[in-house]
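# A look at the structure
Chain by chain, the residues:
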Amino acid sequence: MNPFSVSVQASPSVHAAAPFSAAPGDNVATATQVAALFQQGRQGEATALLTQAKQGQPQAIQEALDRMVSSRLGASLATPSSPGLQGLHASPAEIGNAIRQINEAGNGRPAMPDTEGLSTAQKFDVYSSIVEIRGDQAARDALDGGDRVILGLRNENSSLANRGRGLYDDRIVVLSKDADGTTHVQEFDRSSTEPTAQYDANQKKTDGIAFRRGEGQDVTGDGIPELGRLGEGTVAMLQTTHKNPSSAGTSFSLRPTQAAVAAGTDRIERDSNHDGTFDADDVRTDLNDTFKIHSGSRTNTDSAGCTTIHPDDYSDFVSAVRGDGTQDRWQYVLTATTAH
């Protein structure tokens, strides 16, 4: 999502308007009211209400509020201001800081949220706000419609880490909201969204790498396949099978739908310069249905490009995803994260 822009311009009219307030802890209502105030050109009141709502809140909730406001404002809003009202409710510096934080929340990657001690409803606010900003319309519609949505939060690592066997330091979240407003959130911190060098034929002779076999696609034309990973964005997934480790206790897995594959131009990042990282210097290729979600092993993420989850957590993940068994498509939203 692109950030909205707010123009702070002089206005000849100065009028006092009734202040807005929201019920304590009702972050969605607060964000909706803040966005409405910005849209009305009442930046001072919007800033004051947002600042008040953030007071005493955990950092993860404060950041979620900024994301919620940004998603409600949209990408092309330019709102005139009223200096008189700004002076009544917030200083120009406070308004500018609020606008900056909202813009950054709407356009940038989120920090890995610290949700320790948060209620399920608060966790839902945190993670659903990330889906709003980092997911596509299909993901937002699925969450609004009561479907279970999968959110992947990536900590960037080299594929060479842990002797090329991978690190379970990403987070997978399954979240949903019932028609009566009851929220459900399950977090899986022992997850990986990145491939490991044990499957990178270009690292076969690298000292310290426990090489298994080469996987990937040859994008450099040298006859050696380049390792790949799923890029950020939303992918529709469906149930399939995978030869999970016996410790997982199931062959259940998820893979991209054929519609997702057809629409998946440039969705796969390839380590085309063989440095163990994935960035703008590397080549992108199209999505295929081998980029699954499945179980890894206890001491190895077992990923040649898939999202994997620790086998001791995997049965809980499957239960969270399957729910009552009626859902047959899942929106998987993947985003990289930043440090605070």
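## Notes on the overall build of the protein chain
The secondary structure content of the protein chain amounts to 10 helices and 11 strands. Evaluated residue by residue, the protein chain yields a buried proportion of 50% over its 340 residues. Total accessible area on the protein chain stands at roughly 14,800 Å², and carbon and sulfur atoms take up 46% of it.

## Description of the pattern of salt bridges
Going through the model one piece at a time under the given rule, you end up with 17 salt bridges. Note that E156 and R229 form a salt bridge whose closest N and O atoms lie 3.0 Å from each other. With E156 in the loop between β1 (149–154) and α8 (161–164) and R229 in strand β4 (residues 228–230), the pair connects residues that are 73 residues apart, well separated along the chain. For R229, a relative accessible area of 2% corresponds to the buried category. Ionic pairing is found between R171 and D189, a salt bridge with its closest N-O pair at 2.6 Å. With a gap of 18 residues between them, R171 in strand β2 (residues 170–177) and D189 in strand β3 (residues 183–192) connect regions that are remote in the sequence. Within the structure, one salt-bridge network assembled from shared partners comprises E156, E194, R229, E269 and R284.

## With respect to the pairing of strand β6 (residues 252–256)
Most of β6 sits inside the fold, with four of its five residues counted as buried. Of the pairings in the sheet, the one linking strand β5 (residues 233–241) to β6 comprises five bridges and is antiparallel in character. Each residue of the ladder has a partner; that of T241, found in β6, is F252.

## Considerations on the sheet that holds strand β8 (residues 284–285)
Taken in spatial order, the three strands make up an open sheet running β4-β7-β8, and their pairing is antiparallel. Looking along the sheet, the strands with just one partner apiece sit at the ends: β4 and β8.

## Examining the packing of aromatic side chains
Inspection of every chain in the model, using the stated rule, returns two aromatic pairs. Every member of this aromatic cluster is reached through a ring pair, and the members are F188, Y314 and F317.

## Topic: the nonpolar core
Formed by 37 residues in total, the largest nonpolar core has its most connected members in F38, V69, Y127, L151 and L175. Contributions of two or more residues to this core are made by α1 (27–39), α2 (43–54), α3 (59–73), α5 (92–107), α6 (120–134), α7 (137–144), β1 and β2. No other element matches α3, which puts seven residues into this core. Look past the residues within four positions of L175 in its chain and what remains in contact with it is F124, Y127, S128, L143, D147, R148, V149, L151, H184 and V185. In this structure, A248, I268, F317 and L334 belong to the second largest nonpolar core, which totals 26 residues.

## Some remarks on helix α10 (residues 311–322)
Given 3.6 residues per turn, any residue in an α-helix points the same way as the ones three and four places further on. With 12 residues, α10 extends 17 Å between its outermost C-alpha atoms, agreeing within 8% with the 16 Å of an ideal straight helix rising 1.5 Å per residue. Where α10 is concerned, the buried positions are P311, D313, Y314, F317, V318, A320 and V321. Here the buried residues of α10 occupy an arc of 165° about the axis, which is enough to place them on one side. Looking one or two residues past α10, G323 carries a phi angle of roughly 55°, positive in sign.

## Regarding the packing of α1 against α2
Taken N-terminus to C-terminus, the directions of α1 and α2 make an angle of 160°; their axes are 7 Å apart at the nearest point. The angle between the axes of α1 and α2 places the two elements in the roughly antiparallel class. Judged by the twist between their axes, the crossing of α1 over α2 is left-handed. Of the residues in α2, those touching α1 at T30, Q33, V34, L37 and F38 are Q43, E45, A46, T47, L49, L50 and A53.

## Describing the confidence of the model for the protein chain
Per-residue pLDDT for the protein chain has a mean of 90; in total, 89% of the residues score no lower than 70. Across residues 1–19, where pLDDT falls below 50, the model places 48 contacts with residues more than four positions away in sequence or in other chains. The low-confidence segment residues 76–81 (pLDDT under 50) makes 23 contacts with residues lying over four places distant or belonging to another chain.

## Concerning the side chain of E132
In this structure, E132 sits in helix α6. Ignoring sequence-local partners within four residues, the contact set of E132 consists of M68, S71, R72 and R140.

## Points about the pairing of strand β11 (residues 330–336)
For β11, a buried count of seven out of seven residues is recorded, marking the element as mostly surrounded by other parts of the structure. Burial along β11 is two-sided: W330, Y332, L334 and A336 facing one way and Q331, V333 and T335 facing the other are all buried. Pairing analysis gives five bridges linking β1 to β11, with the strands arranged parallel. Across the sheet, G152 pairs through a bridge with L334, a residue of β11.

## Looking at unusual backbone geometry
The backbone of R163 shows a phi angle near 55°, a positive value even though the residue is not glycine. Position of R163 relative to the elements: it lies in helix α8. The phi dihedral of D302 is positive, around 55°, even though this residue is not glycine. Look at D302 and you get buried, because its relative accessible area is 13%.

Criteria and thresholds
- Per chain, residue numbering runs from 1 following the sequence as it is written.
- Residues qualify for local features only when their pLDDT is at least 70, as the model is predicted, and side-chain atom pairs are given and counted only at 80 or more; totals for whole chains, interfaces and linings, by contrast, use all residues.
- Remark: hydrogens and water are excluded; side-chain values derive from all non-hydrogen atoms of the structure.
- Numbering of helices and strands runs from the N terminus, with a helix taken as a DSSP run of H or I at least four residues long and a strand as a DSSP run of E at least two residues long.
- Accessible area is worked out with a 1.4 Å probe on protein chains only. A residue is then buried under 20% of its type maximum, exposed over 50%, and partly exposed in between.
- Surface exposure here means Shrake-Rupley accessible area, sampled with a 1.4 Å probe, where a residue is shielded only by the protein chains that are shown.
- One speaks of a salt bridge when a side-chain nitrogen belonging to Lys or Arg is within 4 Å of a carboxyl oxygen belonging to Asp or Glu.
- In short, DSSP must find at least two bridges between two strands for them to pair.
- Only centres within 6.5 Å qualify two rings of Phe, Tyr or Trp (six-membered ring in Trp) as a pair; their planes then separate them into stacked at under 30 degrees, edge-to-face at over 60, and tilted for everything else.
- Nonpolar cores are built from buried Ala, Val, Leu, Ile, Met, Phe, Trp, Tyr and Cys residues. Side-chain atoms within 4.5 Å join them into one set.
- The contact criterion used throughout is that any non-hydrogen atoms of two residues lie within 4.5 Å.
- What a helix is expected to span follows from its residue count: subtract one and scale by 1.5 Å.
- Think of it as the arc spanned by the lines of direction from the helix axis to the C-beta atoms.
- Fitting a line to C-alpha atoms yields each axis, with helices limited to the stretch in contact; the angle taken between N-to-C directions then spans 0 to 180 degrees.
- Note on angle classes: values under 35 degrees are labelled roughly parallel, values over 145 roughly antiparallel, values of 65 to 115 roughly perpendicular, and the remainder oblique.
- Helix crossings fall into two classes, left-handed where the near helix is turned counterclockwise from the far one by less than a right angle and right-handed where it is turned clockwise.
- The predictor attaches a confidence to each residue, called pLDDT, with possible values from 0 through 100.

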